[in-house]
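Close look at the chain arrangement
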Amino acid sequence: MNQNLDPEYPAVRGRRKGLAPISPPDNSLHGMIERFEALHRRTDSPVPTIRKLPAREARWVDFPKAIDDRLREALASKGIETLYSHQAQSWDRIASGKHAVIVTPTASGKTLCYNLPVLNALASDPSACALYLFPTKALAVDQLEEFNRLGAALGSDIRAFTYDGDTPSDARRAIRRRANVVLSNPDMLHSGVLPHHTRWARFFEHLQYVIIDELHAYRGVFGSHLANVLRRLKRIAAFYGSNPQFICCSATIANPKELAQSLCEEQFELVDDNGAPRGEKFFVFYNPPVVNAQLGIRRSYVNEARRLAESFLERGRQTLVFANSRLVTEILTRYLKESVGRPPGGVAAVRGYRGGYLPRERREIERQLRDGEVHGVVATNALELGIDIGSLDAVVLAGYPGSIASTWQRAGRAGRRSAASVTVLVASSAPLDQYVIEHPEYFFDGSPEHAHVNPDNLEILVSHLKCAAFELPIHEDERFGPHDTGEMCAFLEETGVLHHAGGAWHWTSEAYPADAISLRKVTSDNFVVIDISGGSRVIGEVAFPAALTTLHEKAIYLHEGQLFHVDSLDFKERKAYVRRVECGYYTDAVEHTQVERLEGFDDDSLGASLASHGEVRITSRVVGFKKIRFHTNENVGDGKLSMPEQEMHTTAFWLLFPAASLASLPYTTTETRDGLVGLGNVLRTVGAVLLMCDPRDLGVSTSSSKDESEALLCPEIFLYDNFPGGIGQSEPLFRMRGSLVCMARELIEGCRCAGGCPRCVGAPGEVGEKAKDVALQLLAALTSEHQQQEAA
Amino acid sequence: MRRITQGDIDQLRRRINVAAERAIDNREPAGDAAPRERPSASSRHGEFHLEGKERQGSLGRFLMQEHMVPNDRMHGNIRVGDLQLIPGNWLTNISDSEAQPIGPRHWAFLDTETTGLAGGTGTCAFLVGVGTIETDGFRVRLFFMRDYDEESAMLDALSECLNHYDALITYNGKSYDVPLLETRYRLKRQASPMGRLLHVDLLHPARRIWSERMSNCRMGTLESEVLGFERHDDVAGALIPHRYFNFLRTGNPAGLRPVFSHNILDLVSLACLGAVLMPAFAEPGETAFRHAEDMLGLARWMRKNGDREDALHLYRKAIRAGLPPRCVFASIWESACLEGQAGNRGIQVRLLRELSRVANPYRASAFEQLAKHYEHKEKDLQTALEMTRSAQIHAPSKDLDHRERRLLRKAGGEATPGVTRHAGTESREPALSRAAVADTAS
């Protein structure tokens, strides 16, 4: 009898927990479901919501007649004799020459949707070529295996290769000469392929299909860049006389067709009627019980997530735990390893998985998951993307992943075709988590997030126009996407990089423009982690910004739950030397961020405030760290650090509130400050909508220094471009400031919550009780006078 | 969809200007240099004069300059007229080609000046120089595009010119000039003339000969060190793209004249370098090289080509001529291997013994080779074992352990563990005698 699940009866300490061998999928999960249901019926239940998604039968369709006989036989030899209805629908759309976007859940056979037309083309024309784009190198490797499995069955001489930063230079030449199918990523296309297109002449001449998988990954600035890279791709393809067809695949987002159309600038047909079978699926909301009602303290969600994961593992159910940070991932890995130990076979039954593990180790974990050698994995969102790990019985979400789309995506990892599966969302005490738990309809009935891109962001557009000119001279009457290029080219001539001659603009600079443009925020600047416990061995890599918070001296670095003490950080050589330790605590870095105005480009009064846009400096610095004891989370010490300051120059839009304008408000200093933070949150949400960018592309910060009398001194709200150098979002925000404040007001007024919620100013736990009122007062002051001005 | 307007561009311009003003290097504001009106190439060149003849072809116009370097001109220590005397098979030899000999009258030396080193389709060859060997001297033709709209005509004329020749000789052309020109032809949808020609890139033979002696094998370095030619007022390669861009914007060719001279000198030096490299390879026994390192380079090249006799001869010659120590040991080791392959066991063993006496990078390998020799050729297991153990002292390895065990097994009870090792004797041995080694086979 397992009492573990019942929060009223904490796990018996010291009991050696058994680990059942992995069982084939069956209905034994129903025992767990019944326990959840029993809990659900209690008053003040920790399980406020259980949703059951009914099982669904497969809908099969015969192979379309037009499919080449050899391909049909090859697929039959792999056990594929009929298609799911959505696969057949995709085939029909693509065969009729339409661009298609396919939206079906994980493990519904979506890769066959695009592999089928490509293989069919290759069956009849061995010179045909296709380009596959994935957001990560790992996915390309994964899909190459899948493609080759089918290609080999076809028996013909199909040559498919990955082509990315890991491709050895001696292999590149052969790939350029011979490949039919190239699996790459947008970054490589941007800086490694298009600027050298003459070497790819054969490939571009025969390019029939461009496949963009994981379309939902291309939001915000990354998507805006990709859209421009695709403009360049189409331009080069046209030079070689080809006009490729686009096939996109996406996880569930609100607007897949719109996203595909804005990225590719073509008309798309949507295929979203999933014909794959699905077993019964349960979605359980779990809120850790309150242990101190006065202080509103709940049990640690990390411990609760661990207990739930243990219950699944003890029943022999393969389980995936998602955590929202690297640190929590490692801590959970450690806890679960401690409690379940190793099975008789010797392989670790539980493993961690996150970015920063070496690729070889990640491939091994993926394979062990597929083969059932590993019972449980604790992962960050690194496993959210479509890497093939098979389907699991249970997913435990340690904390709300932050967006509806991402939650469904992670939950999709649980789902057997015939047996039941469970996803449990364990809420943390963060305001957003508590809000979702209390408002299940927000998640279950709400639309997933929209993915927005703005390919016409002027700075991004102009950067890619430079690359385009480098690739081929731009003709006077040529358009780039929907744009006339004349004005922009004339501008680029002024800056000296283009030159007009013979009716076209030519690249006249020694520079290689693609090198100056990174499609994503991540830099390639990595720290390697070297274990010097015995000899010296590279165990991982950490991206630059994260290294500052996780690899400072005296930090405890976790890797697969193992603790390492950072002995020294060689900043110049980008190396951290770590040693295995056992010490009972982990560390958490303390970081300070500040925004400083550098130069205003323009300003104007907006009601009682002053609106401006210009350049700012964002300074952040790791100033110290806390030592936190495992299990109890007690703070057992801290340390000061003098880490180098990280500076980012970027552009910002800001509102300055004169002290006098706040003095008249009937609120305390703290309430006013909370109101400003709340207003900042709303302005960011609305700003992202107006700019059609991802909210994460905009940073928000409020300054609120106080004088001796504790009154606020001219506080400011900054919305800044969250990219070094800025990407031109601030000037449009300044221009649209009227709409910005009006929409912010509508958003708050239209929100039915009482005292603020994550949908508007933020949850009361985060911004205080009065934030909604204060924000509305501030907005009223901004909008009324603004309207008067416009009227006058 | 929002259109890009003049207002947007103004905004962008303002931001960039603000950023530029704050930038540390106070360059001229970008806007000033740019002419808003766009004069055509010919009108712009009206006020300035650039030497050369305008050529008109079916694809338009471009500029061509011709120069003749007379036969009696000395380029450093090479007489230009001597270029004509190089036998045709020397070129095919050096290129490892099976082709029929091609006489010097059918060679085209080629060098380009480009708009950058970044590579990719946005880099352009604005000047292509072709040098050819004729009765009256070394003839240089410079194909120059005065603006981007002359590129097609220039490339077309270059094609036409190269069609009269059978071999293309460059310096680093395999990885730079030729792929770059092929890209340009492809972008202009013109057929590239390059594929038909036998291409000999002299960078590779030059590296073989001179990499021991020179810090780099740049054309400028070899020109002064090998040809004994010094340039004066030469334009730095890094400034060349900038000079061309400046010409495009202003039409003033003053900055370009040194670029033209630079290209002409590169071509003459290239041809003269060929006149040094080709005979060395064709008649290594007769080589005029005076530097021991150069002889060593040539020896290695011969060795790689399987020309054992010439290689051994050059190794001995190089050692005698006075190699620096690091090269001496390498030379002895390499000749020992060659002697072994030639079946000269006695000489091989003497060379290996020399190497085994003093500390040097090849010592352990020498012991190991000696062990093999005593085991297999002399059937002297005791000495083989001693040599194996000495090798182990300097560079222990699994292979050596394995060899030791096998020798002990083969020897049965004959050998006892822990016999003489040769390691401790080094410092008391007399220093290696160069003459002794060099004379081993003479």
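Looking only at helices and strands, chain A has 25 helices and 34 strands in total. Taken over C-alpha atoms, the radius of gyration comes to 28 Å for chain A, in line with the 28 Å a tight globule of 792 residues would show. Across its three principal directions, the C-alpha atoms of chain A cover 80 × 75 × 55 Å. Looking at the 792 residues of chain A, the share that counts as buried comes to 50%. Contacts in chain A between residues at least 24 apart in sequence constitute 72% of all its contacts with a sequence separation of at least 6.

Another point: the domain arrangement of chain B. Residues and elements named next belong to chain B. Along its sequence, chain B is organised into domain 1 (48-282) and domain 2 (288-438). The C-alpha-based centres of domain 1 and domain 2 are spaced at 45 Å. On the side of domain 2, 10 residues touch domain 1, which itself brings seven residues to the contact. In terms of residues, the side of domain 1 that touches domain 2 owes the most to one element, helix α6 (residues 203-210), which gives three residues. For the side of domain 1 that touches domain 2, a count of residues per class yields three nonpolar, one polar and three charged.

Our next topic: the domain arrangement of chain A. Residues and elements named next belong to chain A. Parsing chain A into structural domains produces domain 1 (29-55 + 278-444), domain 2 (60-271), domain 3 (458-516), domain 4 (523-582) and domain 5 (610-621 + 647-791). The distance between the C-alpha centroids of domain 1 and domain 2 comes to 32 Å. The interface is formed by 13 residues belonging to domain 1 together with 15 residues belonging to domain 2. Listing elements by their share of the side of domain 1 that touches domain 2, those giving two or more residues are α13 (359-371) and α14 (404-411). A per-element tally of the side of domain 1 that touches domain 2 places α14 first, with three residues. Across the side of domain 1 that touches domain 2, the residue classes tally to five nonpolar, five polar and three charged.

The next thing to look at is the sheet that holds strand β23 (residues 504-507) of chain A. Residue and element names in this part refer to chain A. Taken in spatial order, the three strands line up as β19-β23-β22 in an open sheet, and their pairing is antiparallel. The sheet terminates laterally at β19 (474-475) and β22 (498-501), the two strands that pair on one side only. For β19 and β23, the ladder comprises two bridges, and the chain directions are antiparallel. Across the sheet, residue Ile474 finds its bridge partner in β23, namely Trp505. Sitting on the sheet, helix α17 (residues 458-471) is in contact with β19, β22 and β23, with an inclination near 90 degrees to β23. Those strands touched by helix α18 (residues 486-494) are β19, β22 and β23, and its axis lies near 115 degrees from that of β22.

Residues and elements named next belong to chain A. Within the secondary structure layout, Glu258 lies in helix α10 (residues 256-264). Overall, the presence of 17 C-beta atoms within 10 Å leaves Glu258 in the partly exposed class. For Glu258 and Glu766, which are 508 residues apart along the polypeptide, the C-alpha to C-alpha distance reads 34 Å.

Bringing the confidence of the model for chain A into the picture now. Low pLDDT means the predicted atomic positions in that stretch should not be read closely. Residue and element names in this part refer to chain A. Mean pLDDT for chain A: 86, with 91% of residues reaching 70 or above. Confidence drops under a pLDDT of 50 for residues 1-18, and excluding neighbours within four residues, the segment shows 17 contacts in the predicted structure. In this model residues 786-792 is a low-confidence stretch, pLDDT under 50, and it forms four contacts with partners more than four residues away in sequence or in other chains.

Moving on to the nonpolar core. Counting residues in each nonpolar core, the largest one holds 228 residues, and the members touching the most others are Ala305, Val321, Leu332, Val396, Ala398, Val426 and Ala775 of chain A. Not counting the four nearest positions on each side in its chain, Val426 of chain A is found in contact with Tyr286, Pro288, Tyr301, Glu304, Ala305, Leu308, Val396, Leu397, Ala398 and Gly399 of chain A. Listed in part, the 108 residues of the second largest apolar core include Ile78, Trp107, Ile133 and Met387 of chain B.

Next up on the list: the sheet that holds strand β2 (residues 60-70) of chain B. Residues and elements named next belong to chain B. Strand order in the open sheet made by the seven strands is β1-β2-β7-β6-β5-β8-β9, with mixed pairing throughout. Every other strand in the sheet has two partners, leaving β1 (53-57) and β9 (198-201) as the edge strands with one partner each. Ignoring strand direction, the axes of neighbouring strands in this sheet form an average angle of 30 degrees. Relative to β9, strand β8 (residues 167-170) runs parallel, the two being bridged by four bridges.

Attention now goes to helix α16 (residues 398-411) of chain B. Residues and elements named next belong to chain B. Between the first and last C-alpha of α16 there are 20 Å, a value that for 14 residues agrees with the 20 Å anticipated at 1.5 Å per step. Within the sequence span of α16, burial applies to Leu400, Arg403 and Leu407. Taken end-on, α16 shows its buried residues confined to a sector of 55 degrees, consistent with a single buried face. The exposed residues of α16 that point more than 90 degrees off its buried face are Lys398, Asp401, His402, Arg405 and Arg409. Positive backbone phi, at 60 degrees, marks Gly412, one or two positions downstream of α16.

Let's shift gears to helix α10 (residues 292-304) of chain B. Residues and elements named next belong to chain B. The first and last C-alpha atoms of α10 sit 18 Å apart over 13 residues, in line with the 18 Å expected at 1.5 Å per residue. Burial within α10 is extensive, with 12 of its 13 residues counted as buried. Looking only at α10, the buried set comprises Ala292, Glu293, Asp294, Met295, Leu296, Gly297, Leu298, Ala299, Arg300, Trp301, Met302 and Arg303. Residues of α10 that are buried make contact with α6, α9 (257-282), α11 (308-322) and α12 (325-342). Positioned one or two residues after α10, Gly306 has a phi angle of 85 degrees, which is positive.

Residues and elements named next belong to chain A. Here Leu691 lies in helix α21 (residues 669-691). Here Leu691 falls in the buried class, since 25 other C-beta atoms lie within 10 Å of it. As a C-alpha pair, Leu691 and Gln729 span 38 residues in sequence and 7.0 Å in three-dimensional space. Those residues within four positions of Leu691 in sequence are excluded, and the remaining contacts are Asn454, Gln729, Pro732 and Leu733.

Further remarks concern the pairing of β1 of chain B. All names here are of chain B. Pairing analysis gives five bridges linking β1 to β2, with the strands arranged antiparallel. Bridge assignment links Gln56 to a residue of β2, and that residue is Arg61. Connecting β1 to the next strand, β2, in antiparallel fashion are two residues.

Our next topic: the confidence of the model for chain B. Residue and element names in this part refer to chain B. When pLDDT is averaged across chain B, the result is 83; 83% of the residues are at 70 or more. Per-residue pLDDT stays below 50 along residues 19-37; that stretch engages in 14 contacts with residues further than four places along the chain or on separate chains. Low pLDDT (under 50) marks residues 423-442, which in the prediction has 27 contacts with non-local residues, meaning those over four places away or in another chain. What the predictor reports for the complex is a pTM of 0.81 with an ipTM of 0.79.

Residue and element names in this part refer to chain A. Within the secondary structure, Gly151 is located in helix α5 (residues 137-154). Exposure remark for Gly151: the 22 C-beta atoms within 10 Å place this residue in the buried category. The spatial distance from the C-alpha of Gly151 to the C-alpha of Leu75 is 9.5 Å, given a sequence separation of 76 residues. Ignoring any residue separated from it by four or fewer positions in sequence, one finds Gly151 in contact with Leu119, Ile158 and Ala160.

Let us now look at the pairing of strand β4 (residues 99-103) of chain A. Residue and element names in this part refer to chain A. Taking burial as the measure, the five residues of β4 include four buried ones, the bulk of the element. With four bridges joining them, β4 and strand β10 (residues 268-271) adopt parallel strand pairing. The partner of Ala100 across the bridge, within β10, is Glu269. Pairing between β4 and strand β9 (residues 245-250): four bridges, direction parallel. Paired with Val101 across the two strands is Cys248, which belongs to β9.

How each quantity is defined
- Residues numbered from 1 in each chain as written.
- Chains lettered and ligands numbered in written order.
- Predicted model: local features only at pLDDT ≥ 70, side-chain atom pairs only at ≥ 80, totals over all residues.
- Helix = DSSP H or I, 4+ residues; strand = E, 2+ residues; numbered from the N terminus.
- Rg over C-alpha atoms; globule rule 2.2 N^0.38 Å.
- Buried ≥ 20, exposed ≤ 12 C-beta atoms within 10 Å, placed from the backbone.
- Contact = placed C-beta atoms within 7 Å.
- Domains from an automatic or database assignment.
- Nonpolar A, V, L, I, M, F, W, Y, C, P; charged D, E, K, R; others polar.
- Pairing = 2+ DSSP bridges.
- Axes fitted to C-alpha atoms, helices over the stretch in contact; angles between N-to-C directions.
- pLDDT = per-residue confidence, 0-100.
- Core = buried A, V, L, I, M, F, W, Y, C linked by C-beta atoms within 7 Å.
- Expected span 1.5 Å × (residues − 1).
- Arc of directions from axis to C-beta.

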